[in-house]
Amino acid sequence: MKHIFLFIVLYSTAVWSQEESSLLISSSTYTSSDGYLISSPYHAIYDNSGWLWILGENKLSNEYVFGEKEIIIQRFDGANFFSLKIPKTPGKKIKKGHFFKHKEKGIYLKLYYEVARAELSYINTESLEMIAVDAYNSLDKKYIIAEEYEVEDHTRLIITSKNKFYSAEIDQQNLKLIDSIPFDKPVNEPFLAFTRTAKDYSMVKLLFQKEAILLDSNGKITNKLSEANFIDNNGMHFFPNKIHNAFKVNDTCYYYFDDYQNLFAFDKKDNRFTELPNTGKCSELYKRLQFTEDHKHAFFKALFSDYSDYQLYNFKNFKTDKIATIRMKNLSETYFKEFGKDLVVTSGNQLTSYTFKESKIKTFLKDKSVRTIKRLGNSTYIVATDSEGFFIIDVKKNTERQIQFMDKTVELPINYSRDILIEDNNTIITADSNYLYTIDSNYNLVDQKKKKVLGEEIIKVKDTIFTANQNGNVSKQVVNDETFTVIKNTENIRIREFATDGTTLYATSSQGIFEYVNGTFQTYEFENEDTDNLLSIKYLPNYGVLVSTKFGEVYTFDTTTKKLKLLYEDELNASIVGMVADDNNNLWLNTYAGIVSFHPLTNKVVRYTLKDGLYELEGNRFSTYKDPDGNILMGSFKGLSFFNPNKIAQNNVSIKPQITSISFFNSKEGRWEINTAPGFLKNTKEIRLPSEYRRFSTTVSVFGEVSTRDVKYRYRLLNKDSNSDWFTSYPGKELLYANLAAGTYTLQIEALDSSKNKIGDTLKLRIIAQEVFYKTWWFIMLVMIVTVGILSILFSQYKSKQTLYAKNEIALNEANIKSDMMLEIHHRIKNNLQIVSALLGWQRANSDNMELKLKLEDSQNRIMSIAGIHDLLYNTDNQNTVEVKEYVKNIIGYYKKLYLIDVNYHLKIDSTVLNTDQATPFSLLLNELINNSNKHAFDVIDHPEITICFTQMGEYYKFEYFDNGNFKQEDDKKKAMGMRIVEMMNRQLKGSIEIKKTSNFHLTLLLPSHG
């Protein structure tokens, strides 16, 4: 009963203290034009690195064929989409699929087929490697249904057969059965209902049968549940048909069953689920909630006719605090990485990414023009508006209420007040355009404290109150005096705003800076700023007197030199209507374009706008205030902003820019590659670009509590010869460099928030663009070495040629001399042979001896044959060889002139040449044969013929000679002499002769070709 009573108290308190949190929601929608190629998403999941994985049908495949689209995976880094093909499944058509997470190392992909069993793959999210989980895919067919669930850092499976529940654990590619328990009786279709996990315990039930089990956090089956385990308020036992949800509060697990409105608490000791009375007030909401694993958050979809509301809640001690509502199309699916900080909605070919950020700026008095603020208590402030009176706000309770100032029984309508003064006795001094009022702590007018004064600008310096009319005149009054005194010569000074350092009065005016001290005043104009532009003025101890302008400048006013020095210049040139310094000496500016934080020492500027929780950008004059605790309040034309500078300061520790892809030409693989694997990107600090493809591209995104669309990037490529300027890029834009010169570069990328402040660390990537080989130092050195070597060889050859040329010149001269000598000898030999021949001819002509004449004629012919050989040798380029064919023709020509017999010669001679050692004996041999034929063979032959053949046959020359004359081998002395010469020449030629004994003469001679 004590446990039930405590629950009721907590629950009741939660109901009455609900408060919707203030969240800033930014969204970005992506379609195919942004690279989102999935037309029908099946499922999505975030991995541990912050990438979103989406499984679905590829919009670009078979776009006009129903149900025949390719199934792909896309990975989303928050700005860019990268596609990943799943392994082919030949013969198995995928009908659906989903992911589930391995807590530490990756994710699983489960694919369902139209006919085959579902299969499981493990995906290493660092390497993008996809591996089939064979231990699951090859399970025995007796295992029918399997469903996964997560407990802490473990991924568990519930598997069913016709006879049993099985509890299993999966770790990457390993599958381990933990426990099992049989059904009461076999079940043909053991389909599972949802597994409900309340951290310590998980409940699993079959969909259509009264079979359920309870598992502990280790996956052990602690109970097989029956009606005895469930008891309602009436003491009746039952078996639940439906388990709506389960969650844990403190150490107790709670469940909603069937149509019961009350909660059921699980008692570990007796393993019972007991109904808790009077806990059904919010059961309709709680039944619909889906809890996160830590049970600190919950969400549900409220379905309407054509849309759904996705509602997000914080959950603690039965207190539900709605933090956001997102409206979406029906049939949309939702996913988140970290509850309450992000949300992804997929609907058809559209993905919308939502980012949630808790607003650290509170807004009060929405749509009211706020003028001036002062603190009353620790968390309460009094605020004056332009035309709607005064209000009290409580920043702790988040309340606001209007107050009425009373003059006895009549309300004082005080409007357009420019300041409020709080006295020590808690009286309030304020003014409108006509009067100065003193109000007591009960908001009643103090007697006789309504004084006529022309001017709503008021300020107190020591014990004197100064007022000013914007049309002219500055007045003063000592607090205890009754009347105001107009300061002389101020009738033309139109005061805009007062400030003081406690002694001197300063003001911005149309005449410049107004300065009043010890009863006298001066106005100062400036060369560097038009006085018409001056707006707000403020004295701050660490800055001195600050002056702002309507064009966004802040100056320091030097009270000694009376000059303005520029301190800050707004990049938007937005009018600055208020200034205050926080406890860390940061300057906070109320502008017409949001609230700006500026630190002069670092020049760091942060601008807060609507996306940071401001309700209105356009600030209002006189409405900037810092209380003693360091809180800052800034008014606008539509509300009052309240924040603490220390809490509003952006904390980007958890936000990290990362390179999410690098594309370049892989020389080893010979192809252009897009590298998106996180493991590769983390380990790659340098890439090398081949000389023929000196280009690369990269994408970058941020991971953490930030909307990627709120981030800009700047990048530059540096090398030793240049210091490149920064270029700006936007989320989803590829950074591409092409046609790089050879060299070593460093790519630097920085992420910037909307105020141009750097987020996280600078990303660096080293790029080595390789030189064309003929421009590399080693190739140049090689060319130089080869050139020097060639020149050395050429020089050596030149010297050798010069030496050889000199020797050749000497040899040529000697040769020419020898040639001349040989020519002279040739002529002499030729002349001598001709003389001998002539002498023999003369002797033959003068002799009457017929036999002598014949011998002399033979000798003369032989001499002429030798002369013919000699003439051939010395009329050719080569004087060592004689061409047989040419020589034979010459011999034949000689004998045709010598004998009047008309002999027909047949020649079959190849291009053989003989050296001089062979040519001379061969010529004498041929001479004898032709001479013998002409003299002795054709006496009775009408058509004499001589055939001469000379060919080379391997290592021998074959010479054949035959005629068609009458051959008679007699012992004639004349003939015997010719044949003896023939045989003698044959011996000199080292040949072999064969003479055929036929009616005509036929000689065959074989002589060696090598001479």
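Nothing here was measured: the structure is a model prediction, and the numbers come from that model.

Topic: the overall build of the protein chain
When you go through the protein chain residue by residue, the secondary structure sums to ten helices and 75 strands. Scaling as 2.2 N^0.38, a compact globule of 1011 residues should have a C-alpha radius of gyration of about 30 Å, whereas the protein chain reaches 59 Å, well beyond that. Taken along the three principal axes of its C-alpha coordinates, the protein chain extends 195 × 100 × 45 Å. Taking all 1011 residues of the protein chain together, the buried fraction comes to 49%. Long-range pairs, those at least 24 residues apart, make up 51% of the contacts in the protein chain with a sequence separation of at least 6. Of the roughly 52400 Å² of accessible surface on the protein chain, 49% is carried by carbon and sulfur atoms.

Things to note about the sheet that holds strand β8 (residues 119–124)
As summarised here, the arrangement of the four strands in space is β6-β7-β8-β9, forming an open sheet in which the pairing is antiparallel. Of all strands in the sheet, those bounded by a partner on one side alone are β6 (94–102) and β9 (130–132). When strand polarity is set aside, the average angle formed by the axes of neighbouring strands in this sheet is 25°. Here β6 pairs with strand β7 (residues 106–113) via eight bridges, running antiparallel. For Gly97, the partnering residue across the bridge sits in β7 and is Leu111.

Digging into the pattern of salt bridges
Within the structure shown, the criterion is met by 26 salt bridges. In this structure, the salt-bridge partner of Lys92 is Glu119, at a minimum N-O distance of 2.8 Å. Here Lys92 is found in the loop between β5 (81–85) and β6, whereas its partner Glu119 is found in strand β8, with 27 residues between them in sequence. Here Glu119 falls in the partly exposed class, since its relative accessible area comes to 26%. In this structure, Glu126 engages Lys682 in a salt bridge whose closest nitrogen and oxygen atoms are separated by 3.3 Å. Of the two residues, Glu126 sits in the loop between β8 and β9 while Lys682 sits in helix α5 (residues 678–683), which places them 556 residues apart along the sequence. You can call Glu126 partly exposed: its relative accessible area is 25%. The partly exposed category is assigned to Lys682, whose relative accessible area is 47%. Within this structure, Asp184, Glu211 and Lys224 form a network of salt bridges that share partners.

Some thoughts on the packing of helix α8 (residues 884–898) against helix α9 (residues 916–937)
Running from N to C, α8 and α9 point in directions that differ by 35°, and their axes come no closer than 11 Å. Along this stretch, α8 crosses α9, giving a crossing that reads as right-handed. Residue-level contacts link Val884, Tyr887, Val888, Ile891 and Tyr895 of α8 to Phe922, Ser923, Leu926, Asn927, Ile930, Asn931 and Asn934 of α9.

Comments concerning the pairing of strand β15 (residues 201–205)
Counted residue by residue, β15 has five buried out of five residues, so it is predominantly covered. The two faces of β15 match: Tyr201, Met203 and Lys205 on one face and Ser202 and Val204 on the other face are all buried. With antiparallel pairing between neighbouring strands as the criterion, strand β14 (residues 196–197) and β15 make up a hairpin whose turn holds three residues, including Lys199 at a positive phi of roughly 70°. Here β15 runs beside strand β16 (residues 212–216); their pairing, made up of five bridges, is antiparallel. Across the sheet, Tyr201 pairs through a bridge with Asp216, a residue of β16. A loop of six residues connects β15 with β16, the two strands running antiparallel in sequence.

Re the confidence of the model for the protein chain
Predicted confidence across the protein chain gives a mean pLDDT of 85, with 92% of residues reaching 70 or more. Note that residues 1–21 has pLDDT below 50 and, in this model, 36 contacts with residues that lie over four places away or in other chains.

Focus: α8
In an α-helix there are 3.6 residues to a turn, and that puts residues three or four apart on one side. An ideal rise of 1.5 Å per residue puts 21 Å on 15 residues; α8 measures up with 21 Å between its terminal C-alpha atoms. Turning to α8, its buried residues are Val884, Tyr887, Val888, Ile891, Ile892 and Tyr895. In an axial view of α8, the angular spread of the buried residues amounts to 135°, which keeps them on one side of the axis. Within α8, the exposed residues directed more than 90 degrees away from the buried face are Lys896 and Lys897.

Topic: the nonpolar core
Counting 35 residues, the largest nonpolar core has Ile948, Phe950, Phe959 and Tyr961 as the members making the most contacts within it. Counting residues per element, the ones that place at least two in this core are α8, β70 (904–909), α9, β72 (945–953), β73 (956–963), α10 (973–989) and β75 (1001–1008). For this core, the element with the highest residue contribution is α9, accounting for eight residues. Phe959 has contacts with Phe922, Leu925, Leu926, Leu929, Ile948, Cys949, Phe950, Leu1003, Thr1004 and Leu1005, leaving out every residue within four places of it along the chain. If you look at the next biggest cluster of nonpolar residues, it comprises 27 residues, including Leu740, Ile749, Leu763 and Ala769.

Notes on the packing of aromatic side chains
Considering all chains together, one arrives at 61 aromatic pairs under this definition. Relative to Phe643, the ring of Trp588 has its centre 5.1 Å away and its plane inclined at 45°; by these criteria the two rings are tilted. Of this pair, Trp588 sits in strand β54 (residues 587–591) while Phe643 sits in strand β59 (residues 639–643); the two residues are 55 residues apart in sequence, bridging distant segments of the chain. By the burial criterion, Trp588 is buried, and Phe643 matches it. With a centroid separation of 5.5 Å and an interplanar angle of 40°, the aromatic rings of Phe950 and Tyr957 are classed as tilted. Pairwise contacts between aromatic rings join Tyr201, Phe230, Phe238, Phe239, Tyr255, Phe257, Tyr260, Phe264, Phe266 and Phe273 into one cluster. Geometry around Tyr435 places Lys450 over its ring, the cationic atom sitting 4.6 Å from the centre. Against the face of Trp672 rests Arg695, its NZ or CZ located 4.2 Å from the ring centre.

Observations concerning the sheet that holds strand β67 (residues 743–752)
With mixed pairing, the five strands of this open sheet are ordered in space as β62-β68-β67-β64-β65. A single partner strand is all that each edge strand has here, and the edge strands are β62 (686–689) and β65 (727–729). Neighbouring strand axes in the sheet, compared pairwise and without regard to direction, differ in orientation by 25° on average. Here strand β64 (residues 712–718) pairs with β67 via seven bridges, running antiparallel. Bridging across to β67, Tyr713 finds its partner in Ala751.

Here's the deal with a positive patch on the surface
On the surface, Lys199, Lys296, Lys316 and Lys319 cluster together to form a positively charged patch. Structurally, Lys316 is set in strand β25 (residues 307–316).

Quick look at the side chain of Ser417
Secondary-structure assignment places Ser417 in the loop between β36 (410–412) and β37 (420–422). At 2.5 Å, the side chain of Ser417 forms a polar contact with the side chain of Thr430. Among the polar contacts listed, one links the side chain of Ser417 to the backbone oxygen of Ala431, at a separation of 3.2 Å. Leaving out residues up to four positions away in the same chain, Ser417 has contacts with Arg371, Thr372, Ala384, Phe390, Thr430 and Ala431.

Section: α9
Over its 22 residues, α9 extends 30 Å from the first C-alpha to the last, a length consistent with the 32 Å expected when each residue adds 1.5 Å. Here α9 lies mainly inside the structure; 18 of its 22 residues are buried.

Examining the environment of Ile595
With respect to the helices and strands, the residue Ile595 is situated in strand β55 (residues 594–599). Ile595 sits in the buried class, given a relative accessible area of 4%. Residues Ile595 and Val606, eleven residues apart in the sequence, show an inter-C-alpha distance of 8.3 Å. The contact partners of Ile595, leaving out residues within four places of it in the chain, are Trp588, Leu589, Val606, Arg607, Tyr608, Leu614, Met634, Ser641 and Phe643.

Concerning unusual backbone geometry
One non-glycine residue, Asn489, lies in positive phi territory at about 65°. Relative to the helices and strands, Asn489 resides in the loop between β44 (485–486) and β45 (495–500). When its relative accessible area of 59% is taken as the criterion, Asn489 is described as exposed. The phi angle at Asn518 is positive, at roughly 55°, despite the residue not being glycine. Note that Asn518 resides in the loop between β47 (512–517) and β48 (520–524). Under the relative-accessibility criterion, Asn518 is labelled exposed at 75%.

Overview of the environment of Leu752
With respect to the helices, strands and loops of the structure, Leu752 is situated in strand β67. The spacing of Leu752 and Tyr437 is 315 residues in sequence and 50 Å in space, taken between C-alpha atoms. Not counting residues within four places of it along the chain, the set of residues in contact with Leu752 comprises Asp710, Val711, Lys712, Arg714, Asn757, Lys758 and Ile759.

Rules behind the numbers
Residues numbered from 1 in each chain as written. Predicted model: local features only at pLDDT ≥ 70, side-chain atom pairs only at ≥ 80, totals over all residues. Heavy atoms only, no water. Helix = DSSP H or I, 4+ residues; strand = E, 2+ residues; numbered from the N terminus. Rg over C-alpha atoms; globule rule 2.2 N^0.38 Å. Buried < 20%, exposed > 50% of the residue type's maximum accessible area, 1.4 Å probe, protein only. Contact = heavy atoms within 4.5 Å. Areas by Shrake-Rupley, 256 points an atom, 1.4 Å probe, with all protein chains shown as cover. Pairing = 2+ DSSP bridges. Axes fitted to C-alpha atoms, helices over the stretch in contact; angles between N-to-C directions. Salt bridge = Lys/Arg side-chain N within 4 Å of Asp/Glu carboxyl O. Left-handed = near helix turned anticlockwise from the far one by under 90°. pLDDT = per-residue confidence, 0-100. Expected span 1.5 Å × (residues − 1). Arc of directions from axis to C-beta. Core = buried A, V, L, I, M, F, W, Y, C linked by side-chain atoms within 4.5 Å. Phe/Tyr/Trp six-rings, centres within 6.5 Å; stacked < 30°, edge-to-face > 60°. Lys NZ or Arg CZ within 6 Å of the ring centre and 35° of its normal. Patch = residues over 30% accessible without salt bridge, like charges linked within 9 Å, V, L, I, M, F, W, Y side chains within 5 Å. Lys, Arg positive; Asp, Glu negative; His and termini not counted. Charge placed at Lys NZ, Arg CZ, Asp CG, Glu CD. Polar contact = N/O pair within 3.5 Å; in protein donor to acceptor, adjacent residues only side chain to side chain.

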